[in-house]
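# Chains, contacts and geometry: an overview
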Amino acid sequence: MVCSRKGQCRFCTKEGSPRPVFVDYKDVSGLKKMLSGQGKLLGRKRSGVCAAFQREVGTAVKRARFMGLLPYVAE
């Protein structure tokens, strides 16, 4: 996983992304930054992550919602 624009993605490093870096579904405060006020997932341009990590963020949000850590609809 390597970003096309250096330094844009908050998960990638300058050398690319080492494999141990992943998006944790238990990090609720970090995932809330990726959601809009209505609870929808923000796009890549607004959230500032690369395509590979955008897919991982989507999966992590779905897991957190299923586990009850994040609401499906904002309050």
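Above this note sits the structure.
Figured I'd write up the structure that's included with this text.

Procedures and definitions
Residues numbered from 1 in each chain as written. Predicted model: local features only at pLDDT ≥ 70, side-chain atom pairs only at ≥ 80, totals over all residues. Heavy atoms only, no water. Helix = DSSP H or I, 4+ residues; strand = E, 2+ residues; numbered from the N terminus. Polar contact = N/O pair within 3.5 Å; in protein donor to acceptor, adjacent residues only side chain to side chain. Contact = heavy atoms within 4.5 Å. Core = buried A, V, L, I, M, F, W, Y, C linked by side-chain atoms within 4.5 Å. Buried < 20%, exposed > 50% of the residue type's maximum accessible area, 1.4 Å probe, protein only. Patch = residues over 30% accessible without salt bridge, like charges linked within 9 Å, V, L, I, M, F, W, Y side chains within 5 Å. Areas by Shrake-Rupley, 256 points an atom, 1.4 Å probe, with all protein chains shown as cover. Salt bridge = Lys/Arg side-chain N within 4 Å of Asp/Glu carboxyl O.

### Considerations on the side chain of Ser47
Looking at the element boundaries, Ser47 is found in helix H2 (residues 44-47). Separated by 2.9 Å, the side chain of Ser47 and the backbone oxygen of Gly43 make a polar contact. A polar contact of 3.4 Å, which involves the side chain of Ser47, links it to the side chain of Gln54. Residues contacting Ser47, with those up to four places away along its chain left out, are Arg10, Met34, Leu42 and Gln54.

### A short note on the nonpolar core
Judged by nonpolar contacts, the single largest core of 16 residues is most densely connected at Cys9, Val23, Leu31, Cys50, Phe53, Val61 and Leu70. Broken down by secondary-structure element, the contributors of at least two residues to this core are helix H1 (28-32) and helix H3 (51-67). Here this core gets six residues from one element, more than from any other, and that element is H3.

### A look at a nonpolar patch on the surface
Judged by side-chain polarity, Phe66, Met67, Leu69, Tyr72 and Val73 come together as a nonpolar surface patch covering roughly 610 Å² of accessible area. Inspection of the secondary structure puts Met67 in helix H3. A relative accessible area of 52% means that Met67 is categorised as exposed.

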